[in-house]
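The lines below spell out each chain.
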Amino acid sequence: MAAEAGLLNAAADVGLVVVSGLCVLCSYRAIRGPTVPDRVVALDTIATNVVAIAVLFALKTGRGLFVTVSLVLAIIGFLSTVIVAKFVTEGDIIERRE
């Protein structure tokens, strides 16, 4: 049982390092992206990676609260991506009727 817990802990550590590195690479793309859609995809990927970090941290610490936090972050990330995509394609988020 202790060996399984140690293996899970080591896998969570490796996962945290890998996902954190991916966040750094996506940050570079979000800053230096040649087009707006590249930046939107990079920010969406960062949001997904933050959700993965929260889940890995929940596995590492054994606290279920971080799973709830990751679900809220996933919802916020999805909504923000949809809103930014609508703004990029249409130029306005809320349509005004005159």
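Each remark here, short or long, concerns the structure printed above.
Please read these numbers as outputs of a predicted model, since none were measured by experiment. Here the residue numbering is sequential within each chain, running from 1 through the sequence in written order. The predicted nature of this model means local features are confined to residues of pLDDT at least 70 and side-chain atom pairs, given and counted, to a pLDDT of 80 or more, with totals for whole chains, interfaces and linings taken over all residues. Water and hydrogen atoms play no part in the side-chain values, which are based on all heavy atoms of the structure.

Caption draft 1: Representation of helix α2 (residues 36–61). Only DSSP runs of H or I reaching four residues or more are called helices, and only runs of E reaching two or more are called strands; each is numbered from the N terminus. Helix span is expected to be 1.5 Å times the residue number reduced by one. The end-to-end C-alpha distance of α2, which contains 26 residues, comes to 37 Å, matching closely the 38 Å that a straight helix rising 1.5 Å per residue would cover. Along α2, the residues that are buried comprise Val-40, Ala-42, Ile-46, Asn-49, Val-51, Ala-54, Leu-56 and Ala-58. By definition, residues are in contact when any of their heavy atoms lie within 4.5 Å. The secondary structure elements touched by the buried residues of α2 are α1 (2–32) and α3 (65–90). For the exposure calls, accessible area comes from a 1.4 Å probe over protein chains only, and a residue counts as buried if that area is under 20% of its type's maximum, exposed if over 50%, partly exposed in between.

Caption draft 2: How the structure looks around α1. Helix length check: α1 (31 residues) gives 45 Å between terminal C-alpha atoms against 45 Å at 1.5 Å per residue, within 8%. Of the positions making up α1, those classed as buried are Ala-12, Gly-15, Leu-16, Val-19, Cys-23, Cys-26 and Ala-30. Against α2 lie the buried residues of α1.

Caption draft 3: Representation of the packing of α1 against α2 in the model. Note on definitions: angles span 0 to 180 degrees between N-to-C directions of axes, and those axes are lines fitted to C-alpha atoms, for helices only across the stretch in contact. Running from N to C, α1 and α2 point in directions that differ by 165°, and their axes come no closer than 9 Å. Judged by the angle between their axes, α1 and α2 are roughly antiparallel. Where α1 crosses over α2, the handedness of that crossing is left-handed. The residue makeup of the contact of α1 with α2, split by class, is 17 nonpolar, six polar and six charged. For classification purposes, an angle smaller than 35 degrees is called roughly parallel, one larger than 145 roughly antiparallel, one from 65 to 115 roughly perpendicular, and anything else oblique. Put simply, a crossing is left-handed when the front helix is turned counterclockwise from the back one by less than a right angle, and right-handed when it is turned clockwise. Each residue is assigned to one class: nonpolar for Ala, Val, Leu, Ile, Met, Phe, Trp, Tyr, Cys and Pro, charged for Asp, Glu, Lys and Arg, and polar for all the others, Gly among them.

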